[in-house]
Amino acid sequence: MTAAQRAPILIFARERYCPDVARTRRRLKELGIPWSERDVEADETAAAEMRKLTGRGSVPTVLIGDRVLVEPSNRELDVALEAGGYMTSVPGRPS
């Protein structure tokens, strides 16, 4: 799958420290995967979009194409990244 075919990644997050947001950012950096980010505390439109998608105000909310992940574990994130064409296999999963 080419970069143009990959589902875009958008994270609804906040700048104020959150361990789950920090872990998600760290995981994407480790994998060298680019993403866009919207700060739900600084941007009410972003917060409203996130609430519309999830019915909640939980961060991080990660969109990978049409997949919506709320506070995903690294494992859940890896599975969605594989489905979105960013990874060829999930670490620890038998081939």
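Residues numbered from 1 in each chain as written. Predicted model: local features only at pLDDT ≥ 70, side-chain atom pairs only at ≥ 80, totals over all residues. Heavy atoms only, no water.

Colleague: Tell me what's going on with the overall build of the chain, and back it up with residues and numbers.
Modeller: For the chain, the count of helices and strands is three helices and four strands. N-terminal to C-terminal, the α/β element order of the chain is β-α-β-α-β-β-α. When burial is assessed residue by residue, the chain has 39% of its 95 residues classed as buried. Residue pairs in contact within the chain that sit at least 24 positions apart in sequence constitute 53% of those at least 6 positions apart. Total accessible area computed for the chain in this model is approximately 5,500 Å², and 50% of it derives from carbon and sulfur atoms. (Helix = DSSP H or I, 4+ residues; strand = E, 2+ residues; numbered from the N terminus. Buried < 20%, exposed > 50% of the residue type's maximum accessible area, 1.4 Å probe, protein only. Contact = heavy atoms within 4.5 Å. Areas by Shrake-Rupley, 256 points an atom, 1.4 Å probe, with all protein chains shown as cover.)

Colleague: Summarise the sheet that holds strand β4 (residues 67-70); cite the residues concerned and give the values.
Modeller: Ordered by their spatial adjacency, four strands build an open sheet running β2-β1-β3-β4, and the pairing between neighbours is mixed. Strands with a single pairing partner mark the edges of an open sheet, and in this sheet they are β2 (36-39) and β4. Between one strand axis and the next, the sheet turns by 20 degrees as a mean value, whatever way the strands run. Here strand β1 (residues 9-13) runs beside strand β3 (residues 61-64); their pairing, made up of four bridges, is antiparallel. Opposite Leu 10, over in β3, you have Leu 63 as the bridge partner. Contacts between helix α1 (residues 19-31) and the sheet are confined to β1, β2 and β3, with β1 contributing the most and set at about 155 degrees to the helix. (Pairing = 2+ DSSP bridges. Axes fitted to C-alpha atoms, helices over the stretch in contact; angles between N-to-C directions.)

Colleague: Help me get a handle on the nonpolar core, residues and values and all.
Modeller: Counting residues in each nonpolar core, the largest one holds 24 residues, and the members touching the most others are Ile 9, Ile 64 and Leu 81. Looking at this core, the elements with two or more residues in it are β1, α1, α2 (44-54), β3 and α3 (74-83). Top contributing element to this core by residue count: β1, with five residues. (Core = buried A, V, L, I, M, F, W, Y, C linked by side-chain atoms within 4.5 Å.)

Colleague: Residue-level account of the pairing of β2, with values.
Modeller: By the bridge criterion, four bridges tie β1 to β2 in an arrangement that is parallel. Pairing of Leu 10 across the sheet is with Ser 36, part of β2. Taken together, β1, α1 and β2 form a β-α-β motif whose crossover is right-handed. (Right-handed = clockwise from strand over helix to strand, strands pointing away.)

Colleague: Break down the pattern of salt bridges for me, citing the residues and quoting the values.
Modeller: For the coordinates displayed, the defined rule picks out nine salt bridges. Arg 25 serves as the salt-bridge partner of Glu 15, at 3.7 Å between the closest nitrogen and oxygen. Taken together, the positions of Glu 15 in the loop between β1 and α1 and Arg 25 in helix α1 put the pair ten residues apart, joining distant regions of the chain. Here Glu 15 falls in the exposed class, since its relative accessible area comes to 59%. Accessibility expressed as a relative area gives 18% for Arg 25, which makes it buried. Glu 37 serves as the salt-bridge partner of Arg 25, at 2.4 Å between the closest nitrogen and oxygen. Note that Arg 25 is positioned in helix α1 and Glu 37 in strand β2, a separation of twelve residues in sequence. If you follow the salt bridges from partner to partner, you end up with Glu 15, Arg 25 and Glu 37 in one network. (Salt bridge = Lys/Arg side-chain N within 4 Å of Asp/Glu carboxyl O.)

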